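Observations on chain architecture
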Amino acid sequence: DSNFLFLFCYSTYSNKVFSVTFLSLAVAVIIPLFGAIILLKCPIDPQPISFKEPPVLTGPLEPNFKLRQAERLFENQLVGPESIANIGDVLFTGTADGKILKIENGEIHTLARLGHGPCTGREDEPTCGRPLGIRVGPKNTLFVADAYYGIFEINPVSGEVIPLVSSKTPIEGKNLSFINDLTLTRDGRKIYFTDSSSKWHRKDYSLLIMEASDDGRLFEYDRVTKEVKVLMGGLRFANGVQLSPSEDFVLVAETTMARIRRYYVSGLMKGGEDMFVENMPGFPDNIRLSSSGGYWVAMSAIRANPGFSMMDFLSEKPWIKRIIFKLLSQETVIKFVPKYSLLVELSDTGSYRRSFHDPNGMVASYISEAHEHNGHLYLGSFRSPFICRLNLKDV
Ligand SMILES: *[C@@H]1O[C@H](CO)[C@@H](O)[C@H](O)[C@H]1NC(C)=O
């Protein structure tokens, strides 16, 4: 059949054309591209980690729109109010411009600064300072963890700053490079705080999470002896900390691993540790007490199921992470993180009680903490230009 012969000849011919085209393409484009990828420097040295399949969002984790009931306060008057504390109805927070703000009668005042200007963006952070965790102590003074400078006590009226722990002094030979959150005992003697990494600074948090570095630590600072003790090491992105209501243990969010660990600070279990919640539906940030005796945990990003979780996909493929960070900047990579806001309430034993969602982060975005006060949740954010307030009666 001549048609068949024609087709056969034609297809061999086109195969040849294809091979030649492909080969020249390979020589001209692909080989140099691979060469470049191999030669390019990669800022991270990723370690493989393994996850279980993320929990399916059902039961108390069932998706809803409850976080959209929140109202935005002080929009465009402040940026990145990561953590929030209150004395009466006066609110305090630390922002991206390195300031500790006092919010009273609907007005924002600058109470203190721990670093110095300019504060124009992430490259300035190390000198500008970045106040993260904030708490109120027994004498109604503020305690602040600054990512770059250390732990401070601040007078909420005069703004006087007393340094307690300096990041300049390495602890057990390792730097404090990314001080993150703190919690203190009711008598104010002990402060528990985290350093997310001894290598990466806050401005490079996406490199820390993608590298999965295991150099985060939990410390105890004694305000009488002025000693700092390492309680836990080897944490992958140690983040939010919260003492239990009876002060027998401290919870620590281990962000990269999507879990919360528990360290016993008193009682029979003193010095022991275990897992409080594993395989969470997102990467936990700050942990705060809830009025029902449990804990509010804000997720910095979610692990969708059903859906696709990029962090889970990449967890055991460090080579893909290398290629990504050879080719793209941190700012570009962050844009691929789905903007889904999730807040969960845990019981005192770590089971899920309920969850509030804002798929797409339409109202509450990039949440970092839920601080409960007077029937409302005040939602902090590591980058949004507002504080969200959610009336618990509405949800
Ligand atoms: C600790 O930080 C200092 C100052 O930033 C730096 O010079 C030093 O190399 C760091 N040490 C380690 C072990 O990384």
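Since the model is a prediction, treat every value here as computed from it, not as a measurement.

Across its full length, the chain holds six helices and 24 strands. Judged by the C-alpha coordinates and their principal axes, the chain covers about 95 × 45 × 45 Å. When each of the 395 residues of the chain is scored for burial, the buried share is 53%. For the chain, long-range pairs separated by at least 24 residues make up 56% of all intrachain contacts whose partners lie at least 6 apart in sequence. Per element, the accessible surface of the chain, about 18100 Å² overall, is 57% carbon and sulfur. In the chain, the 43 positive side-chain charges and the 44 negative ones have mean positions that sit 2 Å from each other.

Now for the pairing of strand β4 (residues 99–104). One ladder, built from four bridges, connects strand β3 (residues 90–94) with β4; its direction is antiparallel. When the bridges of β4 are listed, Thr93 appears paired with Leu101. Between β3 and β4, which pair antiparallel one after the other, the connecting turn spans four residues, and Gly98 there sits at a positive phi close to 80°. When β4 meets strand β5 (residues 107–113), the two strands line up antiparallel, connected through six bridges. Counterpart to Lys102 in the pairing with β5 is His109.

Once that is clear, we can look at the nonpolar core. Counting residues in each nonpolar core, the largest one holds 36 residues, and the members touching the most others are Ile100, Ile134, Ile154 and Met210. Looking at this core, the elements with two or more residues in it are β3, β5, β6 (131–136), β7 (142–146), β8 (150–154), α3 (205–211), α4 (310–314) and α5 (318–327). Tallying contributions element by element places α3 first for this core, with four residues. Sequence-distant contacts of Ile154, that is, excluding residues within four places in its chain, are made with Ile100, Leu111, Ala112, Leu114, Thr141, Leu142, Val144, Gly159, Glu160 and Val161.

Here the UniProt feature "transmembrane region" (unreviewed entry) sits at residues 20–40. For residues 20–40, the helix share is 95%, the strand share is 0%, and the end-to-end C-alpha distance is 29 Å.

Once that is clear, we can look at a nonpolar patch on the surface. Nonpolar side chains collect at one region of the surface, where Leu40, Leu327, Leu328 and Phe336 lie side by side and expose about 370 Å² of accessible area between them. Of note, Leu328 is situated in the loop between α5 and α6 (330–334).

Below, the discussion takes up the state of the cysteines. Disulfides are covalent bonds that connect the sulfur atoms of two cysteines. This structure, assessed with the given rule, holds one disulfide. The partner cysteine of Cys119 in its disulfide is Cys128, sulfur to sulfur 2.2 Å. Around the S-S axis, the bridge from Cys119 to Cys128 shows a dihedral of about 105° and counts as right-handed. Given a relative accessible area of 27%, Cys119 falls into the partly exposed group. Under the relative-accessibility criterion, Cys128 is labelled buried at 1%.

Under the definition given, this model contains 23 salt bridges. With a closest N to O distance of 3.4 Å, Arg122 and Glu123 form a salt bridge. Accessibility expressed as a relative area gives 54% for Glu123, which makes it exposed. Ionic pairing is found between Asp181 and Arg288, a salt bridge with its closest N-O pair at 2.9 Å.

A word on the pairing of β6. Of all six residues that make up β6, five are buried, and the element is covered over most of its length. Here four bridges tie β6 to β7, and the two strands are oriented antiparallel to one another. Within β7, the position partnered with Pro131 by the bridge is Asp146. Between the end of β6 and the start of β7, which pair antiparallel, lie five residues, with Asn140 showing a positive phi angle near 55°.

On to the sheet that holds strand β11 (residues 190–195). The strands making up a sheet associate through backbone hydrogen bonding, with each pair oriented either parallel or antiparallel. With respect to topology, four strands assemble into an open sheet ordered β10-β11-β12-β13, the strand pairing being antiparallel. Whereas interior strands pair on both sides, the edge strands pair on one side only; in this sheet they are β10 (179–184) and β13 (228–235). Strand-to-strand twist in this sheet, taken as the mean axis angle between neighbours without regard to direction, amounts to 20°. Direction of pairing for strand β12 (residues 216–222) relative to β13: antiparallel, over a ladder of five bridges. Its bridge partner being in β13, Glu220 is matched across the sheet by Lys229.

The next thing to look at is the UniProt feature "domain: Strictosidine synthase conserved region" (unreviewed entry) in the chain. If you check UniProt for "domain: Strictosidine synthase conserved region" (unreviewed entry), the listed places come out as residues 180–267 in our numbering. Along residues 180–267 the backbone is 8% helical and 50% strand, and the end-to-end C-alpha distance reaches 27 Å.

What follows is about the sheet that holds strand β14 (residues 238–243). Within the open sheet, the four strands sit side by side as β14-β15-β16-β17. Their pairing is antiparallel. Edge positions in the sheet fall to β14 and β17 (273–277), since each has one partner strand and no second. The mean inter-strand angle of the sheet, taken between neighbouring strand axes irrespective of direction, is 30°.

So, about the environment of Gly361. Residue position: Gly361 is located in the loop between β21 (352–358) and β22 (367–373). Classification of Gly361 as buried rests on a relative accessible area of 2%. The sequence separation of Gly361 and Gly282 amounts to 79 residues, and the corresponding C-alpha distance is 14 Å. With residues up to four places along the chain from it excluded, the contact list for Gly361 reads Lys339 and Ser341.

Thresholds, definitions, all that
What you see as residue numbers is a count from 1 along each chain, following the sequence as written. Owing to the predicted nature of the model, reporting of local features is limited to residues with pLDDT of at least 70; listing and counting of side-chain atom pairs is limited to 80 or more, with chain, interface and lining totals taken over all residues. As a convention, hydrogens and water are excluded, and side-chain values are obtained from all of the structure's heavy atoms. Helix and strand assignments follow DSSP, with helices taken as H or I runs no shorter than four residues and strands as E runs no shorter than two, numbered in order from the N terminus. Accessible area is worked out with a 1.4 Å probe on protein chains only. A residue is then buried under 20% of its type maximum, exposed over 50%, and partly exposed in between. In this analysis, two residues are considered to be in contact whenever any of their non-hydrogen atoms come within 4.5 Å of each other. The method behind every accessible area is Shrake-Rupley, applied with a 1.4 Å probe, and residues are considered shielded solely by the protein chains displayed. Neither His nor the chain ends is counted toward charge; the positive residues are Lys and Arg and the negative residues Asp and Glu. For charged residues, the charge sits on one atom: NZ in Lys, CZ in Arg, CG in Asp, CD in Glu. Pairing between strands is defined by DSSP: at least two bridges between the two strands are required. For the purposes of this section, nonpolar cores are sets of buried Ala, Val, Leu, Ile, Met, Phe, Trp, Tyr and Cys residues that join through side-chain atoms within 4.5 Å. UniProt positions are given in the numbering used here, feature names are shortened, and annotations may be inferred rather than shown by experiment. Here a patch means residues that are over 30% exposed by relative accessible area and free of salt bridges, tied together within 9 Å if like-charged and within 5 Å if nonpolar (Val, Leu, Ile, Met, Phe, Trp, Tyr). One speaks of a salt bridge when a side-chain nitrogen belonging to Lys or Arg is within 4 Å of a carboxyl oxygen belonging to Asp or Glu. Pairs of cysteine sulfur atoms within 2.5 Å are what we label disulfides. The angle between two axes is taken between their N-to-C directions and runs from 0 to 180 degrees, where each axis is a line fitted to C-alpha atoms and a helix contributes only its stretch in contact.

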